[in-house]
Amino acid sequence: MCGIVGYVGHRNVSDVIIAGLQSLEYRGYDSAGMAVLEAPGITIVKGVGKVSDLRKMLSERPLCGSQGIGHTRWATHGGVTEENAHPHCDSSSNIVLVHNGIVENYREIRSEIPGEYRSETDTEVVAQLLSTLYRGNMVGALVELQSRLRGSFALAIMAKDLPGKIYCLRKGSPLVVGMSRDGESLCASDVPAILPYTQDVVYLDDGDISELSTAGIRFWNAAGESVEKRVSHIDWDVSMVDKGGYPHFMLKEINEQGAVLRNSMAGRISGRRVVLSEELPWTRDDVLSWKKLHVVACGTSYYAALVAERFLEDITGFDIRVDVASEYRYRNIMAGPDTLAVFVSQSGETADTLAAERLAMGKGARCLAVTNVLGSTLAREVHDILQLKAGPEIGVAATKTFMGQITVLYLLALHLAKLQGRLPAAMEEELVGEMLSLPYKVEAVLARQESLQKLAAIYSAAEDFLYLGRGRSFPVALEGALKLKEISYIHAEAYAAGEMKHGPIALLDRNVPVVVITPKDGLHEKTFSNILEAKARRAPVIALVTEGDSSLDGTADHVFPVPATLDQFTPFVTVVPLQLFAYYFAKFLGCDIDQPRNLAKSVTVE
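Attention in this report is confined to the structure presented alongside it. Nothing here was measured: the structure is a model prediction, and the numbers come from that model. (Residues numbered from 1 in each chain as written. Predicted model: local features only at pLDDT ≥ 70, side-chain atom pairs only at ≥ 80, totals over all residues. Heavy atoms only, no water.)

### Observations regarding the packing of aromatic side chains
Item 1. Counted according to the given criterion, the structure contains 14 aromatic pairs.
Item 2. Where Tyr-302 meets Tyr-303, the ring centres are 5.7 Å apart and the plane angle is 45°; that geometry is what we call tilted.
Item 3. Tyr-302 gets classed as buried once you look at its relative accessible area, which sits at 18%.
Item 4. Ring plane angle 45° and centroid distance 5.9 Å describe the contact between Phe-311 and Phe-569, whose orientation is recorded as tilted. Of this pair, Phe-311 sits in helix α9 (residues 299-315) while Phe-569 is found in the loop between β27 (558-562) and α18 (570-589), placing the two residues 258 residues apart along the sequence. Across the pair, Phe-569 and Phe-311 agree in class, each one buried.
Item 5. Through pairs of rings, three or more aromatic residues link up here, namely Phe-311, Tyr-410, Phe-569 and Phe-572.
Item 6. The ring centre of Tyr-117 lies 4.2 Å from the NZ or CZ of Arg-110, which sits over that ring.
Item 7. Positioned above the aromatic ring of Tyr-440 is the side chain of Arg-262, whose terminal nitrogen or guanidinium carbon lies 4.8 Å from the ring centre. (Phe/Tyr/Trp six-rings, centres within 6.5 Å; stacked < 30°, edge-to-face > 60°. Buried < 20%, exposed > 50% of the residue type's maximum accessible area, 1.4 Å probe, protein only. Helix = DSSP H or I, 4+ residues; strand = E, 2+ residues; numbered from the N terminus. Lys NZ or Arg CZ within 6 Å of the ring centre and 35° of its normal.)

Now the structure itself:
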């Protein structure tokens, strides 16, 4: 949600902030603005709309300076208006700030600080409160400020009487800072905004305060004590956060999934053996002491967890529970030292997943993060980490990180089964050998995407879709329907195929296409009967089948074949055509694919 960029250095700050905000557009927003320190004070330009609209405003009223802060806002407190857009300043226009997160007690604070407020936001209240606390010592004022605020916040702050300095404060919402070798200091909500200037960053922890200047970056903890912070090197380059010739980031990222599979397995397989002992220093006794396995996530990450659940059931001996983080955190979960709790999050900053992790940690569970971002809050809080190694994902609708998640979770399952003594060497060789072939099979699907583009055009008038699958194909159906909803705004539902006659069949007629994921696995014949039921209601059927399977010829209206693989690995090849179908469907409708309405890449508030 929202995006923050701050810069102090020698460049034209407007150019830096505009470029940084554009690199964060995937986070979702409805207004944008910036504040620049230029003699004799601070100038703010902001408005409703895209960063491109802000750029046009700046072409009419250029800002000159080398220090500033910028923001893209997604409305929470107050409507989408210029007055509510960030940045916000205090009544004296000495302090200006931008804010991600939600301050829960802003009404209480507002009633304590009289004055005329220009906006409906909690952020302006923070600016006014900070103004009353600041008496020449900004660090001291920020220590007191965070003690007064309840909720989550990431703040970037400038004061007119402190030129050359930007202050950052973080609690709950992510904030990263970095300094280039040329004496430039930056802050941002996420790494892509900083990447053009430096690959060495510091992820702020809750309570951290930082001061950015051309002389360097200084840090204090929540008590105002000076601290040293660990620098993280980001092994991404700028080319990884551009479209690389594709019309959308989403299509680029779908087409990167063969590489993601290879990267996610790299260094974790030797010969045909899984090797995770360096990343997960668990002993056999550790694993045998865990009786329960909880896998917790949100959205697409949750569907990846459901895919992995089936594989974990096959080869490990755990009592397995897979749950949505927003539900897990509010239930009386039986977790403890006998529990391995796995938290799956692309960003590592998802608010509900973090809350669930803290609940499990508090109960004594062993906690593992499966995330794409090593320096994220989730990665820093847990006992163990498995990084996806998928590279930056810019499109809001997750695709390649889903592939990375199921890959890493499958490797985890194999590692656990080995330590339990439940994975014979011959079985490990067979399963790992097939995993190594999956990148080529995914790329074989990608090579035939033109037929999916034509299929999307055929059904572009449909307003409702039903997705069906059994066993491992059921969570793939859920993910396929989610992708279509997210980027095309078309209503799509997914059900376990056996549930169709328990309600969803009432929806079917010639106007409701049914997408059936039915690879040639042990449940294929059962799913065939559901296809016949759909056809009896005159619903058109699109079927994903295994290459060489002709059983649906003459029954399904359209058949898309995927390469044959072991039953356990069918989700790797069946999810890709569903991603591509959703992409081309949304493109045909003219939707904003990389930035779908009302959605954000990283949901950092409850």
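### A closer look at the sheet that holds strand β18 (residues 292-297)
Item 1. Strand order across the open sheet formed by five strands is β19-β18-β20-β21-β22, with parallel pairing between neighbours. Lying at the two open borders of the sheet, with one neighbouring strand each, are β19 (319-324) and β22 (384-387). Strand after strand, the sheet turns through a mean of 20° between neighbouring axes, direction not considered.
Item 2. Pairing between β18 and β19: six bridges, direction parallel. Bridge pairing in β19 places His-294 opposite Arg-321. (Pairing = 2+ DSSP bridges. Axes fitted to C-alpha atoms, helices over the stretch in contact; angles between N-to-C directions.)

### Some remarks on the packing of helix α15 (residues 449-458) against α18
Item 1. In the contact formed by α15 and α18, the axes pass within 8 Å of each other and the chain directions differ by 50°. The angle between α15 and α18 places the two elements in the oblique class. The chirality of how α15 crosses α18 is right-handed. Contacts between α15 and α18 involve Gln-449, Leu-452, Gln-453, Leu-455, Ala-456 and Ala-457 from the first element and Pro-577, Leu-580, Phe-581, Tyr-584, Phe-585 and Phe-588 from the second. (Parallel < 35°, antiparallel > 145°, perpendicular 65-115°, else oblique. Left-handed = near helix turned anticlockwise from the far one by under 90°. Contact = heavy atoms within 4.5 Å.)

### Observations regarding helix α13 (residues 400-420)
Item 1. The end-to-end C-alpha distance of α13 is 30 Å, a good match for the 30 Å that 21 residues give at a rise of 1.5 Å each.
Item 2. Here α13 lies mainly inside the structure; 20 of its 21 residues are buried.
Item 3. In the segment just after α13, Gly-421 is the residue with positive phi, at about 75°. (Expected span 1.5 Å × (residues − 1).)

### Quick word on the sheet that holds strand β15 (residues 232-233)
Sheet strands associate in pairs through backbone hydrogen bonding, adopting either a parallel or an antiparallel arrangement.
Item 1. The antiparallel open sheet is built from eight strands, whose spatial order is β3-β2-β4-β1-β10-β9-β11-β15. Two strands bound the open sheet, and with one partner strand each, they are β3 (41-48) and β15.
Item 2. The pairing of strand β11 (residues 200-203) with β15 spans two bridges and is antiparallel. Bridged to Val-201 within β15 is Ser-232.
Item 3. Along the sheet, helix α2 (residues 51-60) contacts β2 (31-38), β3 and β4 (67-73); its crossing angle with β3, the most-contacted strand, is approximately 135°.

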